[in-house]
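What follows is each chain in one-letter form.
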Amino acid sequence: MPSTRPAAPQLRVSWLLLVVVGLVLAGIVVLAPSVGLLLEQRRDIAALEAQVAAQQANVESLEEQQARWDDPAYIEAQARDRLFFVYPGETSFVLLDDRTTLETAAAEVPSATLEEPEGDWAAAAASSFVIAGLTDAGPASFGLPAEIGEPQ
């Protein structure tokens, strides 16, 4: 008796399917750098648009400040406040709050203890003087530029 079991479907790979898959893969490989470049340019454009918006806000702020300076009352208030201008016959008083300077000055006083230096600076200076006098090397060997007329 023949078997009644249906036959398993077989996957048939044709040359046309392989060519189409190859073309799709080649397209992905060719287009991937362009897509990456496009995404990078979109990020740059977004950053530049944000920078333009910030600059526009700054320009608007400066325009508002310029409009205030067109008002004579504002100019008078600024002259009185910043430059201590007064009208003839007026007396100006300036109050100084010196309590804060005394408080900060007391906090910044260094300690009265003496500290021993780590190295002997006099011996280091003397040895440097002796070494500089006894060497025949020019300044270029020490990393300094040689003078124009000096032989190398």
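What counts and what doesn't
- Residues take numbers from 1 onward in each chain, read along the sequence in its written order.
- Side-chain atom pairs in this predicted model are given and counted only at pLDDT of 80 or more, local residue features only at pLDDT of at least 70, and totals for whole chains, interfaces and linings cover all residues.
- Think of the side-chain values as coming from all heavy atoms in the structure, minus any hydrogens and water.
- Strands here mean DSSP runs of E at least two residues long; helices mean DSSP runs of H or I at least four residues long; both are numbered from the N terminus.
- Exposed residues in this analysis have more than 50% of their type's maximum accessible area, buried residues have under 20%, and partly exposed residues fall in between, with area computed by a 1.4 Å probe over protein chains only.
- Using the Shrake-Rupley algorithm and a 1.4 Å probe, accessible areas are obtained, with residue cover drawn only from the displayed protein chains.
- We define a salt bridge as a contact between a side-chain nitrogen of Lys or Arg and a carboxyl oxygen of Asp or Glu at a distance within 4 Å.
- One less than the number of residues in a helix, times 1.5 Å, gives the span that helix is expected to have.
- Residues enter patches when their relative accessible area tops 30% and they take part in no salt bridge; the joining distance is 9 Å for like charges and 5 Å for the nonpolar side chains Val, Leu, Ile, Met, Phe, Trp and Tyr.
- pLDDT is a residue-level measure of predictor confidence that goes from 0 to 100.
- By definition, residues are in contact when any of their heavy atoms lie within 4.5 Å.

Quick look at the overall build of the protein chain now. If you tally the helices and strands in the protein chain, you get four helices and zero strands. Sequence-ordered secondary structure for the protein chain, helices as α and strands as β, is α-α-α-α. For the protein chain, with 152 residues in total, the buried portion stands at 1%. Surface summary for the protein chain: the accessible area is close to 14700 Å², and the carbon and sulfur share equals 64%.

A few words now on the pattern of salt bridges. Once the charged atoms of two side chains with opposite charge are near each other, the side chains can pair. What the rule picks out here adds up to two salt bridges. Of the charged contacts in the structure, one is a salt bridge between E76 and R80, with a shortest N-O distance of 3.5 Å. On the criterion of helical spacing, the pair formed by E76 and R80 is a turn pair, its members being four residues apart in helix α2 (residues 72–83).

Here we take up unusual backbone geometry. The backbone phi angle of F84 is positive, close to 60°, even though this residue is not glycine. Relative to the elements of secondary structure, F84 occurs in the loop between α2 and α3 (99–107).

Glancing now at α2. The first and last C-alpha atoms of α2 sit 16 Å apart over 12 residues, in line with the 16 Å expected at 1.5 Å per residue. The first or second residue beyond α2 is F84, which carries a positive phi of 60°.

Together, V13, W15, L16, L17, L18, V20, V21, V24, L25 and I28 line one region of the surface with nonpolar side chains, adding up to about 1000 Å² of accessible area. Following the sequence through the fold, L25 ends up in helix α1 (residues 15–69).

Turning our eyes to something else, we now look at the confidence of the model for the protein chain. Of all residues in the protein chain, 76% attain a pLDDT of 70 or more, and the chain-wide mean is 82. Within the protein chain, α1 carries the highest mean pLDDT (93), whereas α3 carries the lowest (64).

Moving on to the side chain of Q78. Mapping Q78 onto the fold places it in helix α2. Q78 gets classed as buried once you look at its relative accessible area, which sits at 14%. When near neighbours in sequence (up to four residues on either side) are disregarded, Q78 contacts W69 and L83.

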